[in-house]
Amino acid sequence: MRYQENYSRTRSNIRTKRTKHFLVPVFIICVLVCGVSMAGDMVPFVIPAKPNPDSLIAVTSFGPVRTDSNRLQAQDGHFYRSGERIRLWGVNLSFGANLPRHEDAPYIAARLAAAGVNTVRCHHMDTARWPRGLWNAEDGKTISSEALDRLDYFIDQLARYGICVNINLHVGRAHSEYLDLPKANRQYDKISNIFTPALIDAQKQFARQLLTHINPYRKVRYADDPAVAFVEITNENSFFMWASENTLRTLPPYYADILQKKYNAWLKKRYGSDEKLRRIWAEGAEPLGKNLLKNSGLQMTTSGSSVPTNWSIEQHSGCIASLSKQRYQSKNALCIEIDKADDTEWHLQFNQGGISLKAGRYYTVVFEAAADEPREISCSVSQAHSSWSNLGLSRQVELSQNWKTFRFGFVAKSDDDNARLSFAFGTDKVPVRLANVQLHPGGRVSLQKGESIRSGSVAVFADNESPNRTLDRMQFLAETEKAYFDGMRNFIKEDLGCKALVTGTIVFGPLGLYTQSDMDFIDVHAYWQHPRFPGRPWDSGNWIVEQKPMTDYPAEATLFRLAAARLGGKPFTLSEYNHPAPLDSQAECVPMAASFAAAQDWDAVWLYTYSHSSDDWYRENLNSYFDIDTNPAKWGFMRAGAAIFREGLVKPLEGSLIAQLNRSSDLVHQLAQLHLEHDRDMLDVVTDTCGATYQTILTNTLAVSLRPSSGVEPKNPPSVTGLRWSVENGRGLYVVGAGAGVLAGDTSRFERCQIDDPAFAVITATPLDGLPWPRSSKILITACGRCENVGMEFSQDRRTVGRQWGHGPAQIETVKGTVEMPRGNWTAQALGPDGLAKADVPIRSEGDRNFMEMLPKYKTMWYLLIQN
């Protein structure tokens, strides 16, 4: 783990004052200037919780979702209703936000609809007890009648405004706790509930309770209600998710036994005998090669040295450790004594760098270790240089007072002449003992002594596995996971008769995509600069959000990796997305997500999250990284986002790329090989498969195919309306062309536009009458720089405010600049947060061109242009 470099620049580093006017046609403009400027005017801009019915920019053309309305359908790779293509533009509701009071529900629904929202994702309803969740407050074993009544009423109010819901069945429920089963080793029973029969039955029981419930306000079961358009089986849950290997390796005995029995039954069906299994697994086995480490005995050969020769000790954030050679239980060992620890493991590390590794080569780490009391350390192999990426090994190691020899094998992810083997131990003051540390090429073994499919004793994981053994496990896990998702979908659709569209979970790499391939649609999540917690997870006083505008880092951008997970022939959705507060560049979130999704021709986007609370709808301040209901840098752009994506102002790209992954008779085996090589990185997979890069994705829609090649080449005409994204001198520029456009990034490279202040800004200009900008007579300009509360106390590098979020009202940094308007007789008005006119804005004419000047004195982020 590492800290990324601070991203902070002064205004003088960003741009110099320009006197020449650069003008931009008013369609959609998104202006992001890299860096941090504190020069702009901050003014209150609180968008009211109760929408003004006379708002000049509200969506008013929605129709209700009636109980006899035609259902949403998935066909030809998209969503349709009544034979017409439909896109979904929405938000998440988390925890108690799904359960508002009856008196609040109509206003919430009306506010969502006014911003163009036509779907909400009901998330984390199952995690907590009432009033933050569905379960009763007493023992949490049954659904609260009050909670269910609130959900019923809210769904009815949403449907009245044309808003459909996405019901998440499993997000945070740990059914094991209520079934008196052993505690799973991952929060919310994740991974264990994919293969444990009792936990699967509990999920089915909850689905039955909820989906067969009759909503008294609509007089129909959830399963039959067109307003319940989607059902998600389980949130972010897979054998292939983050840190899944460690979870699977350390399953508690109850769960480990179930998985091992399934694995041995699978192997027996596949091979029939130990002899055949041993023969197949022996392919690729090899002995250990030469030790690559220097001073494996950890000797301190230099007089007076406190660190073994060729080794290093790293001490971060005030943590302190000392090294000495001691004899422990009849063995000469290195003793690591910790004088000061904290809650971050990597703050204390013992490592050796300068190791040369070859991509695709198998290596084995061998060492002996003990501790004065039971404790954990970690062992990893990574780059010994920026960006400190892991190169294939990352294992947690449980130490006891007795010596134990550990052997960990891995395949190097890339060539590297300066890799390092590292032990991290910063979270505990218990001394650690190390001896005989080695790193060898080779070391793969086949079926190990005592293992037999006849006795069911073949372990799911073994150290130093042969290639075929590893591939078999990956294939077993993929088939087991797919059987779970297919079985749950069939239960929902067939047993419960639910007519909603069903997805399983998000895509986790090529095998994760395979497990989702028979769902009704494919789903993904992403966050740009998700908060990091250096110490305790989700510690509200100890977190970091890196100040990095996404426009500056296209090679790291979330959007391309999302695009690479799309499965051809299936609707594709993004059900969680955010650039969290208090990013100075957070206003880029909605315009960039909406325009990229539209250009790639995706089918639904849900921003995360509207709110977490059931009774705090009328606050006037930002209250978290993710809530967007009171964040004008997000919510203020939702109406523009609806026009860009839902109404299709940005047209799909003309070219298309298909990454054909099915190139052998054994699809799952091939996907397992890709997964081992690329892990969860689908962009790496498609780059390797069809040569797609983020640059080519800017001009072509992208999808993956798991079907055998038809021999038909995808169309790839010269792009006229593609996206452009470039970086010069560390400053990015993102551009969407023709019809409805977006500019984002370095204002010094903008054409036909001038933004004077601030150094960072986002501007969109979107037609509200459904016509493309050259013919539109009603255009909304939305402009915002930073967004923050009054009294927010930032750290010096602006990466955190800790618990000092300040107080209301939420403020925006106003934008000063000149924009060119379409020809014609136009009037302009500055709007208040309620969408009503608050001031006339002069239009300046020069020949047949019109100009409007945005000024801080108007104290707004919304300007409305009307052609007379």
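In what follows, the structure referred to is the one given above.
Since the model is a prediction, treat every value here as computed from it, not as a measurement. (Residues numbered from 1 in each chain as written. Predicted model: local features only at pLDDT ≥ 70, side-chain atom pairs only at ≥ 80, totals over all residues. Heavy atoms only, no water.)

Novice: I would appreciate a short explanation of the overall build of the chain in the present structure.
Specialist: Within the chain one finds 18 helices and 40 strands. Counting across all 868 residues of the chain, residues that qualify as buried make up 60%. As displayed, the chain has an accessible area near 32,400 Å², and 47% of this comes from carbon and sulfur atoms. (Helix = DSSP H or I, 4+ residues; strand = E, 2+ residues; numbered from the N terminus. Buried < 20%, exposed > 50% of the residue type's maximum accessible area, 1.4 Å probe, protein only. Areas by Shrake-Rupley, 256 points an atom, 1.4 Å probe, with all protein chains shown as cover.)

Novice: It is not clear to me how the sheet that holds strand β13 (residues 331-340) should be interpreted in this structure. Could you clarify?
Specialist: Within a sheet, neighbouring strands are paired by backbone hydrogen bonds and run either parallel or antiparallel to one another. Within the open sheet, the 5 strands sit side by side as β12-β13-β20-β15-β18. Their pairing is antiparallel. Single-partner strands in this sheet number two, and they are β12 (320-328) and β18 (404-411). Strand after strand, the sheet turns through a mean of 30 degrees between neighbouring axes, direction not considered. When β13 meets strand β20 (residues 432-441), the two strands line up antiparallel, connected through 3 bridges. Within the sheet, the bridge partner assigned to Leu334 lies in β20 and is Leu434. (Pairing = 2+ DSSP bridges. Axes fitted to C-alpha atoms, helices over the stretch in contact; angles between N-to-C directions.)

Novice: Got a minute to help me understand the pairing of strand β38 (residues 843-846) in this structure?
Specialist: Remark: a regular strand shows side chains that alternate across the two faces of the sheet. Bridge count between β38 and strand β39 (residues 849-854): 4 bridges; the pairing is antiparallel. Across the sheet, residue Ser845 finds its bridge partner in β39, namely Asn850. The turn joining β38 and β39, which pair antiparallel and follow one another in sequence, is formed by 2 residues; a positive phi near 65 degrees is taken by Gly847.

Novice: I tried to follow the nonpolar core on my own but got confused; where do I start?
Specialist: One broad trend across soluble globular proteins is that nonpolar side chains are buried collectively. Grouped together as the largest cluster of nonpolar side chains are 182 residues, with contacts concentrated most on Leu112, Val120, Tyr577 and Trp635. Counting residues per element, this core draws most heavily on helix α10 (residues 467-495), at 10 residues. Discounting chain neighbours no more than four positions away, the residues touching Val120 are Val91, Leu93, Leu112, Leu158, Ile163, Cys164, Val165, Asn166 and Trp606. Formed by 39 residues, the second largest nonpolar core is a distinct cluster that contains Ala321, Leu323, Leu421 and Leu434. (Core = buried A, V, L, I, M, F, W, Y, C linked by side-chain atoms within 4.5 Å. Contact = heavy atoms within 4.5 Å.)

Novice: Would you take a moment to explain the packing of aromatic side chains for this structure?
Specialist: The way to describe two aromatic rings as a pair is by their centre distance and the angle between their planes. Taken as a whole and judged by the stated rule, the model has 43 aromatic pairs. A ring pair is formed by Tyr363 and Phe410, whose centres lie 5.7 Å apart and whose planes are at 25 degrees; its orientation type is stacked. Taken together, the positions of Tyr363 in strand β15 (residues 362-371) and Phe410 in strand β18 put the pair 47 residues apart, joining distant regions of the chain. Assigned by exposure class, Tyr363 and Phe410 land together as buried. Ring centres 4.8 Å apart and planes at 65 degrees place the aromatic pair Tyr484 and Phe485 in the edge-to-face group. Side by side, Tyr484 and Phe485 carry an identical accessibility label, which is buried. Ring pairing ties together the aromatic residues Tyr527, Phe533, Trp538, Trp543, Tyr608, Tyr625, Phe626 and Trp805, which thus form one cluster. Above the plane of the ring of Phe95 lies Arg132, whose end atom (NZ or CZ) is 4.2 Å from the centre. Taking the ring centre of Phe794 as reference, the NZ or CZ of Arg798 above it sits at 3.9 Å. (Phe/Tyr/Trp six-rings, centres within 6.5 Å; stacked < 30°, edge-to-face > 60°. Lys NZ or Arg CZ within 6 Å of the ring centre and 35° of its normal.)

Novice: Mind showing me how you'd approach the environment of Thr480 here?
Specialist: Here Thr480 shows up in helix α10. Thr480 sits in the buried class, given a relative accessible area of 15%. Sequence-wise, Thr480 and Ala341 are 139 residues apart; in three dimensions their C-alpha atoms are separated by 41 Å. Residue contacts for Thr480: discarding those within four places in its chain leaves Phe195 and Phe239.

Novice: Would you take a moment to explain the packing of helix α13 (residues 589-599) against helix α15 (residues 638-646) for this structure?
Specialist: Packed helices, taken two at a time, are described by the angle between their axes plus the distance between the axes. Running from N to C, α13 and α15 cross one another at 10 degrees; their axes reach a closest spacing of 8 Å. Here α13 is positioned roughly parallel relative to α15, judged by the angle of their axes. Contacts from Val590, Ala594, Ser595, Ala597 and Ala598 in α13 reach Met638, Gly641, Ile644 and Phe645 in α15. (Parallel < 35°, antiparallel > 145°, perpendicular 65-115°, else oblique.)

Novice: Any chance you could explain the pattern of salt bridges here in plain terms?
Specialist: When the charged atoms of two side chains with opposite charge come close together, those side chains can pair. The final tally for this structure, using the stated rule, is 47 salt bridges. A salt bridge links Arg799 to Asp797, with the shortest nitrogen-to-oxygen separation between them at 2.9 Å. On the basis of relative accessible area, Arg799 is assigned to the buried category, the value being 11%. A network of salt bridges, in which partner residues are shared, links Asp584, Arg786, Glu788, Arg798 and Glu813. (Salt bridge = Lys/Arg side-chain N within 4 Å of Asp/Glu carboxyl O.)

Novice: Could you clarify how one ought to interpret the side chain of Ser466 in this entry?
Specialist: Of note, Ser466 is situated in the loop between β20 and α10. The buried category is assigned to Ser466, whose relative accessible area is 0%. Among the polar contacts made by the side chain of Ser466, one reaches the main-chain carbonyl oxygen of Trp281 at a distance of 2.6 Å. Once you skip the residues sitting within four places of it in the chain, Ser466 turns out to touch Trp281, Glu283, Arg444, Val445 and Ser446. (Polar contact = N/O pair within 3.5 Å; in protein donor to acceptor, adjacent residues only side chain to side chain.)

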